[in-house]
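The lines below spell out each chain.
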Amino acid sequence: MKAVCWHGVQDMRVDTVDDPKILNPRDAIIRVTSTAICGSDLHLYGGFMPGMQAGDIVGHEFMGEVVELGSGVTNLSVGQRVVVPFTIACGQCFFCDSGYHSLCDNSNPNAAVAEKMWGQSPAGLFGYTHILGGYAGGQAEYVRVPYADVGPMVVPDSVSDEQALFLTDIFPTGYQAIAQCDMQPGDVVAVWGCGPVGQFAIASAKMLGAGRVIAIDTVAERLLMAEQQHGVETLDARQTGNTLQIVEALRDMTAGRGPDICVDAVGLEAHGVGLEYWYDNIKQSLMMETARPIVLRQAIMACRKAGTVSIPGVYGGLADKIPVGALMNKALTIKTGQTHVQHYLKPLMDHVERGDIDPSFVITHRTRLDDAPEAYRMFQAKRDNCVKVVMQP
Amino acid sequence: MPAYRPINRRHDSPATLDSQQEQDRQQALTLAASVGSLMVAMRRGGLSGLAFGALSGVLAYRASTGRGLKGAGTDAVRYAEKTLTGHRVGPLELSASVTIKRSPEDLYAHWRDFSHLPDFMSLITDVRVAPDGRSHWTARAPDGQTLEWDAEITADVPSESIAWASLAGADVPHHGEIRFIPGPPGRGTEVALDLNYTVPHGLLSAAPLGFVNALSGEALREDLRHFKQWMESGEIPTGTIQSTPRDGDSI
Ligand SMILES: [Zn+2]
Ligand SMILES: [Zn+2]
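Residues numbered from 1 in each chain as written. Chains lettered and ligands numbered in written order. Predicted model: local features only at pLDDT ≥ 70, side-chain atom pairs only at ≥ 80, totals over all residues. Heavy atoms only, no water.

Participant: When you look at the overall build of chain B in this model, what are you seeing that I'm missing?
Facilitator: Of regular secondary structure, chain B possesses 5 helices and 9 strands. Start at the N end of chain B and walk to the C end: the helices and strands fall as α-α-β-β-β-α-β-β-β-β-β-β-α-α. Buried positions account for 43% of the 251 residues belonging to chain B. Taken as a whole, chain B presents about 12800 Å² of accessible surface, with 56% of it coming from carbon and sulfur. (Helix = DSSP H or I, 4+ residues; strand = E, 2+ residues; numbered from the N terminus. Buried < 20%, exposed > 50% of the residue type's maximum accessible area, 1.4 Å probe, protein only. Areas by Shrake-Rupley, 256 points an atom, 1.4 Å probe, with all protein chains shown as cover.)

Following this line, the structure appears as structure tokens:
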């Protein structure tokens, strides 16, 4: 089959590889009909996530048709159209039982490596480093899906591929970023990053009844998408200036309080202006820190006293100059984590089916799997206003 | 006594206190090295400072991935002494623990049937249990070497613990104990496994080095993790990727 394989920094190739096989009783094989490139795939593309090996099949946002089932999967049948969570979860451990599927105790075969980096291991993910399992990803014609009896969800006929696809990751990820914050009536939500996850965080904040939403980005087209799709206020970070100036702007926009909920939907590759960005960029390139935590610093500094900083953006290793004094003295709450997709899949599918939201609004580009290398180049450069690329094998 | 109380028994023995102190010393040294190079970096400033800082970052990453520096394990291990040829001899104590979301009764029952062990113990390929309760074990080391021995149960408390020991004639005499302790409400069972090997002395002894070298606290912990995965989810996960062209970089 054909698959998109990582071969080094900024080197994605479409290779011909062996078809996947059923390896465990609870596995399924899915024939992929639609797959997307995620912002977090760009972290792999740019070489910011350790634990990649040449030839790894990438991709964690995919859906398709069931073509083969292991002996332990009795709730699905061949031919069904399913959407697959990017978090691989057994459904039976303490964390899965508690709704924390991205923290599954059992799904990471390389848990011992993750424990050395992070103390404990989260769940395995599709196509996202050997630290998180070394699972082959879904930017391919076929993919093996473990624990298929609890992960994949059958898509109703009335919901198209493009409407269902983002239930794999970015819609629930944006939704969890707000849902985990105990939002109160009238709360002001500031969302850094108007990429796909940020767009769904904004949409979810509106859906869950935020008083106001402020969208922050450095790319004018993405701010425009936030404004046009969700009718929210925007703040152009590049024009506003450095961290201090952004914090001041947000204070001015909230009569001195600061946003009640601050969402970092950017993660480890943040862009900023001035000395601070330069400092993080140098340190990152010298492996002295693995993140440029510019947005996280801004979110902590801007956040209202006793407010919540929510971090759906991906981080992998170390970051420095985190304003821990602000964090402590303002009594902030931090909510973060990979997304418990299985936990949100059903209610969000219901929203899509009812027509409350059409997640396909983020799609800016459609292409063939064969064109993946060019799609990665375009997405990384944010060329042609690229926000989300959907590929068909 | 150790300052904290792990659930494994081995930590109580004086021998393990030594190994705990050794572990603490190693961790302190590693930390000191990485903090030290960071401080040099901060003092120096400029380019050479950046280089020192980068070094400490690389050290921390290497340590965290176990590449280059030995990771700081939490399992108590007392390694056998090494001879001049680098071969381990003497006693080797291993212990590990895990929390499994099943009842002590279920876990005890599954383990009590030793023929289940090859499903999740990496070195054990076969265990046959005779009607008299004695068992015949077959193990395969990573180097392909095969070992066999007989064992008997030496203590058996239903739903609580099982102890066993190899019988005379084993190449690597050993005994082990597994205990099933009820965890906090809703958490299942705390499982503690202790193994004690005697690695034969003497250069000319038939010590099966491939097998002995494969014994480690980390390996034991992986076996217990596989036991947990088996008991909670019915299978052991694998991310094994189908073959792909592997040319290029790895990071
Ligand atoms: Zn994604
Ligand atoms: Zn689980």
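Participant: Quick question: what am I supposed to make of the sheet that holds strand 1 (residues 2-6) of chain A here?
Facilitator: Adjacent strands of a sheet form backbone hydrogen bonds with each other and so pair up, either parallel or antiparallel. Residue and element names in this part refer to chain A. Taken in spatial order, the 3 strands of this open sheet run 2-1-4, and their pairing is antiparallel. Each edge of the open sheet carries a strand with a single partner, namely strand 2 (12-16) and strand 4 (56-57). As paired elements, strand 1 and strand 2 share 5 bridges and run antiparallel to each other. Pairing of V4 across the sheet is with V14, part of strand 2. (Pairing = 2+ DSSP bridges.)

Participant: Help me out: how do you make sense of the packing of helix 3 (residues 111-118) of chain A against helix 5 (residues 217-233) of chain B in this one?
Facilitator: Between two packed helices, both the angle of their axes relative to each other and the distance between the axes serve to describe the pair. It is at 11 Å that the axes of helix 3 of chain A and helix 5 of chain B come closest, and there the two elements cross at 115 degrees. Here A111, A112, E115 and K116 of chain A of helix 3 of chain A lie close against helix 5 of chain B, whose contacting residues are E218, R221, E222 and R225 of chain B. Residue classes in the contact of helix 3 of chain A with helix 5 of chain B are distributed as 2 nonpolar, no polar and 6 charged. (Axes fitted to C-alpha atoms, helices over the stretch in contact; angles between N-to-C directions. Contact = heavy atoms within 4.5 Å. Nonpolar A, V, L, I, M, F, W, Y, C, P; charged D, E, K, R; others polar.)

Participant: How should the packing of helix 5 (residues 170-179) of chain A against helix 6 (residues 196-207) of chain A be read in this particular structure?
Facilitator: All names here are of chain A. For the pair helix 5 and helix 6, the least separation of the axes is 7 Å and the interaxial angle reads 50 degrees. Classified by the interaxial angle, the pair formed by helix 5 and helix 6 is oblique. With respect to the hand of their crossing, helix 5 and helix 6 are arranged in right-handed fashion. Where helix 5 abuts helix 6, its residues I170, F171, T173, G174, Y175 and I178 lie against P196, V197, F200, A201, S204, A205 and M207. For the contact of helix 5 with helix 6, the residue count by class is 10 nonpolar, 3 polar and no charged. (Parallel < 35°, antiparallel > 145°, perpendicular 65-115°, else oblique. Left-handed = near helix turned anticlockwise from the far one by under 90°.)

Participant: Whenever I open this one, the coordination of the zinc ion (ligand 1) confuses me. Can you help?
Facilitator: For a metal bound by four donors in a tetrahedral arrangement, the ideal donor-metal-donor angle is 109.5 degrees, while six donors in an octahedral arrangement ideally sit at 90 or 180 degrees. All names here are of chain A. At 1.8 to 2.3 Å from the zinc ion (ligand 1) lie its protein donor atoms, namely C38 (SG), H60 (NE2), E61 (OE) and D169 (OD). Angles of 90 to 130 degrees at the metal separate the 4 donor atoms of the zinc ion (ligand 1), which places the site in the tetrahedral class. All donor residues of the zinc ion (ligand 1) come from one chain, and their arrangement in sequence is C-x21-H-E-x107-D. The burial state of H60 is the same as that of E61; both residues are buried. (Donors = N, O, S within 2.8 Å, 3.2 Å for Na, K, Ca; no water. Tetrahedral: all angles 85-135°; square planar, octahedral: opposite > 155°, others 65-115°.)

Participant: How should I be thinking about the domain arrangement of chain A in this particular structure?
Facilitator: The extent of an interface is frequently quoted as the accessible surface area lost upon association of the parts. Residues and elements named next belong to chain A. Segmentation of chain A into domains returns domain 1 (2-169 + 339-392) and domain 2 (171-336). A separation of 25 Å is found between the C-alpha centroids of domain 1 and domain 2. Here domain 1 and domain 2 share an interface that buries about 2500 Å² over both sides, 71% of which is from carbon and sulfur atoms. Between domain 1 and domain 2 we count 0 salt bridges in total. Scanning the region where domain 1 abuts domain 2 turns up 7 residue pairs in polar contact (both at pLDDT 80 or more). Elements with a minimum of two residues in the side of domain 1 that touches domain 2: helix 1 (39-45), helix 3 and helix 13 (341-354). By residue class, the composition of the side of domain 1 that touches domain 2 is 20 nonpolar, 7 polar and 3 charged. (Domains from an automatic or database assignment. Buried area = accessible area lost by both parts, 1.4 Å probe. Salt bridge = Lys/Arg side-chain N within 4 Å of Asp/Glu carboxyl O. Polar contact = N/O pair within 3.5 Å; in protein donor to acceptor, adjacent residues only side chain to side chain.)

Participant: Honestly, the nonpolar core in this entry has me stumped. Any pointers?
Facilitator: Nonpolar side chains tend toward joint burial in soluble globular proteins. Counting residues in hydrophobic clusters, the biggest one holds 73 residues, and the most contacted among them are F166 and V189 of chain A. Inspection of this core shows a minimum of three residues originating in each of domain 1 (2-169 + 339-392) and domain 2 (171-336) of chain A. Counting residues in hydrophobic clusters, the runner-up holds 41 residues, among them F114, A139, V199 and L215 of chain B. (Core = buried A, V, L, I, M, F, W, Y, C linked by side-chain atoms within 4.5 Å.)

Participant: Looking at this structure, how should I read the sheet that holds strand 11 (residues 188-192) of chain A?
Facilitator: Residue and element names in this part refer to chain A. Spatial ordering of the open sheet is given by 13-12-11-14-15-16, a layout of 6 strands whose pairing is parallel. Whereas interior strands pair on both sides, the edge strands pair on one side only; in this sheet they are strand 13 (233-236) and strand 16 (333-336). The average angle at which neighbouring strand axes cross in this sheet is 20 degrees, direction not considered. Where strand 15 (residues 308-311) meets strand 16, 4 bridges bridge the pair, whose relative direction is parallel. Note on strand 16: the bridge partner recorded for S310 is K335. Packing of helix 7 (residues 220-230) onto the sheet brings it into contact with strand 12 (212-217) and strand 13, and relative to strand 12 it is tilted by some 165 degrees.

Participant: Quick question: what am I supposed to make of the coordination of the zinc ion (ligand 2) here?
Facilitator: All names here are of chain A. Summarising the metal site, the zinc ion (ligand 2) is bound by the protein donors C90 (SG), C93 (SG), C96 (SG) and C104 (SG), whose distances to it range over 2.3 to 2.5 Å. Sequence spacing among the residues donating to the zinc ion (ligand 2) works out to C-x2-C-x2-C-x7-C. Since its relative accessible area comes to 0%, C90 is described here as buried.

Participant: For this particular structure, what's the right way to read the pairing of strand 11 of chain A?
Facilitator: In regular strands, side chains alternate between the two faces of the sheet. Residues and elements named next belong to chain A. With 5 of 5 residues buried, strand 11 lies mostly within the body of the structure. Alternating positions in strand 11 separate into two faces, V188, A190 and W192 on one and V189 and V191 on the other, with burial throughout. Strand direction decides the pairing type here: strand 11 and strand 12, joined by 5 bridges, are parallel. Its bridge partner being in strand 12, A190 is matched across the sheet by I214. For the crossover that starts at strand 11, traverses helix 6 and ends in the parallel strand 12, the hand is right-handed. One ladder, built from 4 bridges, connects strand 11 with strand 14 (residues 261-264); its direction is parallel. Directly across from W192, in strand 14, lies its bridge partner D264. (Right-handed = clockwise from strand over helix to strand, strands pointing away.)

Participant: Would you mind going over the side chain of D223 of chain B with me for this structure?
Facilitator: Residue and element names in this part refer to chain B. Relative to the assigned elements, D223 resides in helix 5. Buried and without a salt bridge, D223 has R225 as its closest oppositely charged side chain, separated by 9.4 Å. For D223, the residues in contact, after removing those within four places along its chain, are F120, M121 and S122. (Lys, Arg positive; Asp, Glu negative; His and termini not counted.)

Participant: When you look at the environment of Y277 of chain A in this model, what are you seeing that I'm missing?
Facilitator: Residues and elements named next belong to chain A. Tracing the sequence through the fold places Y277 in helix 10 (residues 274-285). Considered as a pair, Y277 and A190 are 87 residues apart in the sequence and their alpha carbons are 21 Å apart. Sequence-distant contacts of Y277, that is, excluding residues within four places in its chain, are made with A270, H271, G272, R292 and I294.

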